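# What the coordinates show
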Amino acid sequence: MSTAPDELLKAAHAAAAQAKAHGADEAKVVVSRSRGVDLEWRDGRLERVQERTRRSLSVEIFVDGRYSASSTNDLRPEALEAFFADAVAMTRLLEPDPHRCLPDPAAYAGRADVDLDLVDAGYGDVTSAERRQVVEALEALVREADAALPIVSVSTEVSDTWSQSARVHTNGFEGAREGTSFVLGAMVTVKDADGRRPMGWDYTVRRHRGDLDTPARVAKTAAERARAQLGAGKLPTGRYPIVLVNRAVPRLLGAFLGPLNGPALQQKQSLWDGRLGEAIASPLMTIYDEPHRVRGLGSALWDGDGFATHRRPLIEAGVLKTFFIDHYYGLKMGVAPTGGDTHNLAWTLGNRDLDGLVADVGEGVLIDRFLGGNSNGTSGEFSFGCAGRVIRGGQLAEPVAEVNLAGNLDGIWKQLVAVGNDPDPNSGAACPSVVLAGVQLSGQ
Amino acid sequence: MTDHLTDGLAYFGRFGVTEELLRAAFDRAMSTGADWAELFFQHRITHHLGLEDGAVNRAYGSVTLGVGVRVIKGDQTGYAYTEELTRQAVCDAAATAAVIANEAAGRGPSSFEIKRLPERYPVQRPWPGVGVAEKMPILSRLNELAFARSPDIVKVRVGFADADGAVLVVDSDGRMSFDRQPMAQMTLSCTAERGSQRESCSANLAGREGFEFFTDTRVQKLAGDAVDRTLFLFDATVAPAGAMPVVLAAGSSGILLHEAIGHGMEADFNRKGISVYSDKLGQPIANPDVTIVDDGTEVGARGAINVDDEGVEGQRTVLVEQGVLRTYMHDRISAKHYGVEPTGNGRRESFRSPPLPRMRSTYMLPGRHDPAEIIQSVKRGVYASSFTNGQVMIGAGDFTFYIKTGYLIEDGKLTRPIKDTNIIGNGPECLRKTDMVGTDFEFDDGGWTCGKDGQSVPVSLGMPTVRVAEITVGGVNQ
C-alpha cells in the first residue's frame, strides 16, 4: 500500500505533542482528509457537480482525571494554539471520571497483518468527462430498460471519494488508513394512474471502481422497482409470513443489535442485559463480525480504542455471544472490553435465492423497503412502516404500500425460518434475504 | 461602499477574507458565463456537556470554518468548497464550481451592499462569553430534579448543547448578508425500574437563544416531561393494529404536517415533477378548516431565521389557506423556475452543501373545534400525545410518524395508555381526512432536526388538536 499516510501520521504526532504541551496528561488524536466528486444528472442535463475536499483534526484529552473530545478544521497554526488551550482549559473545569484513561499499551498488540485492499489505485484517473458520460449513459439505460414505464423523471449519479486518516495515542498507539469508495445510482419516478409518483431506485457501492455492478444492471433494477410499485394498494391487517429482502434486513437487524452496546447496557436501557449465552434468535441465525474482509465497506484493522480487530461471533445458532463494550464502558461496568463497534457482518447463508424463498413461502408478503418507525431498546417494542408485494401461489403478486410491521425485538428473530443465499454486496452488513414465519402487519 | 461592509467582513476578516478576495473569487466563479454565483462563508463553534451517573464529566467541542462556492446556470448547479480561506484556495474552489457553465466570460460585482436583517433571535447572553463552570450547575440540577421526582428513576443522563454560528452570504449581484445564529438545546434521558420491568424515555427543549434560554421554569418542565413520560410507559402497551381514527394532541404532532405535506411542498421536488403535490397549486387539497404555514419569523424558535442560506430574508409563508394549496417553499433556483419571488426557504446544513428548499417552523393554525369535543367524537381510535420521529416518500406521498406515548380512545374517552406505535399514511389522503381542527394551538419547543439529501437543519413544529378520520395504526393485535 502507498506510504502517503506518513504525512498525516506526522501531523497526528505533532498534534498529540501539542496537546501535551498545553497540559494534557494523555491524548488520542485523529487527523483525516478526504476528496470527492459527485455528479447528478437529470432528464438529459447535468443537474449538479460537486467537489468536496475535507480535512479535520480531532483530539480526546485526558487531564487531571478528566476527559473531553474536540474537533476542528481550522488548521492555521495560530488557530490550533487557541484550540488546544481552550480544550485543555475546558477539560480541567469538569468533574473527574475515574474510568477515563488510555488502554494499557499491551492491548494495542496483535494487529492483523492483512492487506485489506481498500484503495483503488486508479482513483485519480477518473476524468470529469468520463463521469459525465457514465451518468448520461445510465439515464438512457433506465429509459431503455422498460420503454412502457410512465416516467416523470430519471436522475442518475456517480460519486467517488478518497479518504485517509491517522490515529495516534500518546501512550504508543499509531495507525494510518486509506480508502476509496465509488457509487453509481439511478432513481426513476413514475406517474401512477391515481396521481401518486412512486420512485424506483438502485445503487451500487464498492471500494474499487471495477467491482461496481454494471450500469445496465443498476438501470434494469431501478426500472423494475418503479414498475413494481405501480397500482399499489393496501394490505388487510393481519399476521403473515414475510420474505424480507436483503437490502431491507439491516433495519430490523440494526434495531435488534443496537441495545447490545455498552452505553445502553450500563444505563439499563437494554433488553439484552443479562442475556449473554441465551438463545435470542432462531437456530438459523449465525452472524459474525468480519473486520478483515478484503475490499469490505466496513473493514478496519483497529477500532476507536486502538484495539486490534478480530473475527468474532455475534449470534451463533441463535445464541447471543457478545456485547459491544468499549474500553471506557468496560471499566465502568467492571467487565473486559469486547470492542465497541461492528464492522462487516457475515451471515451463515442458506441455499435458496430470493425467488426460491418466495416460492417456499407460498402465501404471504414480501417486504422490500422500510419507511420510518422506531424501536424501544429498553423494553423491545418496535414499529416500522414498510411496503412490498403480496406473495400468492409462490409468486410475487400485486404491490402493497402503507403497511406497518410491529412486534417485539425479543422474539422477532425467533420467527426466522429460512435464510437466503444472496448477501447484499452494497452493504458492509451483507445481509441475505430472510423469511419470518408470522409477523403483525397493519394495513386497512 | 466599503464603509458599509461592516460586521460580516470584520468577522471573517480575521480569517483573511477581504473585499479584494471576494472580487477575485467572483471573477473566477463568473468566468464561464454563469447566470449567478454565491459565496457562503461559515464559522461555527459548538459545545456539548454531558452528565452521566451524577457527574458532569464529559465535554465535546467543535470548530467548523469554510466557504462554499455555488455557480448557477439555469437549473444547473456547480458547487465546491474549501476549508482554507486563502485567496488561492477560494479562487480554486470558484473555478471548480464554474465548470457547470461553458460560455463567454462574465464578470463579478463591482461593489457590495450589506443587507439590513430583522432580529428574530435577540440574545442576552451570547455563547462565546459563557464558560463551562456556568453551565455545569444546570445539568446537575436536572439530574437532581429527575431523581427527586420519582423513586423509580435509576439512571439519568443530561446533554447540554450550544452553538454560535456566523454566516456571510455574498452573491454576484453584490448583495451581502451577515448573520449570527445561536442555538441552545438540552436533553434529559431517564431509566426507571419497577420490579423486573425497566422503561426509558427522554425529552428535550431547544431554541435560538443564548444562555438565558435555560430558565429554571424550562429546566423544571424538562425534568417533569422526561420523568413523567418514562413512568407513563410502565402501564402502556402497544396500540392495536389497523385503520382507525387518530386524534393528535396539540404541539409536537406538527410532525404530521412536516412529513405528510411539508416535504412534498418543497419546490425542488415539484420543479422536477417528482412530488405527489406537483401540479396541485391553486387546488383544494384539504378541508377548509386547514391552514398551514411555514414560518421563519417566530422569535427565538429553533426554526427561526433572519436570513436563509442564500441571502433571502426569512419570512412567513402560507402554504395551504383554508384547504387550498397556495405556494410551494422556494429557494432561488426554484423561484426562478416558477417565476416567483423566493420564499426564504433556501437552507443548508453547512458550507459543504448547496442550499435546498427546506422547512423552518411548520404549523397549522387553530380551528373551531373544542379539543374535548374532538376526543368525544371518536368511538374507537388512538390519541397520540408525544412523538419521536417521522419520514416520507416524496413521490408516493406515503409517510410515517412514531408515537412515543398516547391513549386508546373508547366511546369518546381516553382509556388504556399506549406507547411505541408507528402511524403510516398517505399525505394527500391524510390531509383530506383531517376533518376536525381544535382551538388549542400549541407551538412545540423540542429540538427537531430535519434531514434531506443527507443535510440536517433545525426546524420547529406546531399544531392544534386535530382528528384524522382514518389512518393506519401500526400496532399489534393480541
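This is a predicted model, so every value here is computed, not measured.

## Here we look at the overall build of chain A
- From N to C terminus, chain A includes 9 helices and 16 strands.
- Over its C-alpha trace chain A gives a radius of gyration of 24 Å, about what one expects of a compact globule, namely 22 Å for 444 residues.
- Referenced to the eigenvectors of the C-alpha coordinate spread, the extents of chain A come out at roughly 70 × 55 × 40 Å.
- Contacts in chain A between residues far apart in sequence, at least 24 positions, make up 71% of those at least 6 positions apart.

## Observations regarding the overall build of chain B
- Within chain B, the secondary structure is distributed over 10 helices and 22 strands.
- Along the first, second and third principal axes, the C-alpha atoms of chain B reach 70 × 55 × 35 Å.
- Across the 478 residues that make up chain B, the buried fraction comes to 60%.
- Excluding contacts between residues fewer than 6 apart, the proportion of contacts in chain B whose partners are at least 24 apart in sequence is 76%.

## As for the interface of chain B and chain A
- Contact with chain B, which involves 66 residues of that partner, is made by 61 residues of chain A.
- Looking at side-chain class alone, the side of chain B that touches chain A contains 25 nonpolar, 30 polar and 11 charged residues.

## Comments concerning the sheet that holds strand 15 (residues 361-364) of chain B
Residues and elements named next belong to chain B.
- Spatial strand order, 12-11-10-15-21-20: 6 strands in an open sheet with mixed pairing. What marks the edges here is a single partner per strand, and that holds for strand 12 (324-325) and strand 20 (442-452).
- In this structure, strand 10 (residues 292-295) lies alongside strand 11 (residues 316-321), joined through 4 bridges in antiparallel fashion. Across the sheet, the residue bridging to Asp 295 is Arg 316, located in strand 11.
- Here helix 6 (residues 255-262) sits on the sheet and contacts strand 10, strand 15, strand 20 and strand 21 (455-463); the angle it forms with strand 15, its principal contact strand, is near 95°.

## Some words on the confidence of the model for chain B
Residue and element names in this part refer to chain B.
- Residues of chain B with pLDDT of at least 70 account for 99%, and the chain-wide mean is 94.
- Here residues 1-5 scores under 50 on pLDDT; set against residues more than four positions off or in separate chains, the count is 10 contacts.
- The ipTM assigned to the predicted complex is 0.94, against a pTM of 0.95.

## So, the packing of helix 4 (residues 132-149) of chain B against helix 5 (residues 216-232) of chain B
Residues and elements named next belong to chain B.
- Two elements in contact, helix 4 and helix 5, have axes whose closest approach is 9 Å; the angle formed by their N-to-C orientations is 45°. Between helix 4 and helix 5, the angle is such that the two are oblique. At the point where helix 4 passes helix 5, the crossing takes the right-handed sense. On helix 5, the residues touching Ile 138, Arg 141, Leu 142, Leu 145, Ala 146 and Arg 149 of helix 4 are Val 219, Gln 220, Leu 222, Ala 223, Gly 224, Ala 226 and Val 227.
- Of the residues that constitute the contact of helix 4 with helix 5, the class distribution is 9 nonpolar, 2 polar and 2 charged.

## Some thoughts on the sheet that holds strand 11 (residues 345-347) of chain A
Residues and elements named next belong to chain A.
- Spatial ordering of the open sheet is given by 10-9-8-11, a layout of 4 strands whose pairing is antiparallel. If you trace the sheet from one side to the other, it starts and ends with strand 10 (319-320) and strand 11, each paired once.
- As judged from the 3 bridges shared by strand 8 (residues 287-289) and strand 11, these two strands associate in the antiparallel manner. Bridge pairing in strand 11 places Tyr 288 opposite Ala 346.

## Some words on the nonpolar core
All names here are of chain B.
- Ranked by size, the top nonpolar core spans 247 residues in total, and within it Ala 29 and Val 69 carry the most contacts.
- Those residues within four positions of Val 69 in sequence are excluded, and the remaining contacts are Ala 25, Ala 29, Leu 39, Ala 80, Tyr 81, Ala 93, Ala 94 and Ala 97.
- Residues Ala 301, Ala 304, Ile 305 and Val 307 belong to the second largest nonpolar core, which totals 6 residues.

## Regarding unusual backbone geometry
- Positive phi, close to 60°, is recorded for A:Arg295, a residue that is not glycine.
- Residue placement: A:Arg295 occurs in the loop between strand 8 and strand 9 (312-316).
- Since 15 C-beta atoms lie within 10 Å of it, A:Arg295 is described here as partly exposed.
- Even without a glycine there, the phi angle at B:Gln322 is positive, about 45°.
- Within the fold, B:Gln322 resides in the loop between strand 11 and strand 12.

## What to know about the environment of A:Ala15
All names here are of chain A.
- Position of Ala 15 among the secondary structure elements: in helix 1 (residues 5-21).
- Since 23 C-beta atoms lie within 10 Å of it, Ala 15 is described here as buried.
- Each C-alpha atom of the pair Ala 15 and Val 294 lies 31 Å from the other, and the pair is 279 residues apart in sequence.

## Considerations on the environment of A:Arg42
- Tracing the chain through its elements places A:Arg42 in strand 1 (residues 26-42).
- Through-space distance from the C-alpha of A:Arg42 to that of A:Lys234 is 31 Å; in sequence the pair is 192 residues apart.
- Look past the residues within four positions of A:Arg42 in its chain and what remains in contact with it is A:Glu47, A:Ser153, A:Ser155 and B:Lys272.

Thresholds applied
Residues numbered from 1 in each chain as written. Chains lettered and ligands numbered in written order. Predicted model: local features only at pLDDT ≥ 70, side-chain atom pairs only at ≥ 80, totals over all residues. Helix = DSSP H or I, 4+ residues; strand = E, 2+ residues; numbered from the N terminus. Rg over C-alpha atoms; globule rule 2.2 N^0.38 Å. Contact = placed C-beta atoms within 7 Å. Buried ≥ 20, exposed ≤ 12 C-beta atoms within 10 Å, placed from the backbone. Nonpolar A, V, L, I, M, F, W, Y, C, P; charged D, E, K, R; others polar. Pairing = 2+ DSSP bridges. Axes fitted to C-alpha atoms, helices over the stretch in contact; angles between N-to-C directions. pLDDT = per-residue confidence, 0-100. Parallel < 35°, antiparallel > 145°, perpendicular 65-115°, else oblique. Left-handed = near helix turned anticlockwise from the far one by under 90°. Core = buried A, V, L, I, M, F, W, Y, C linked by C-beta atoms within 7 Å.

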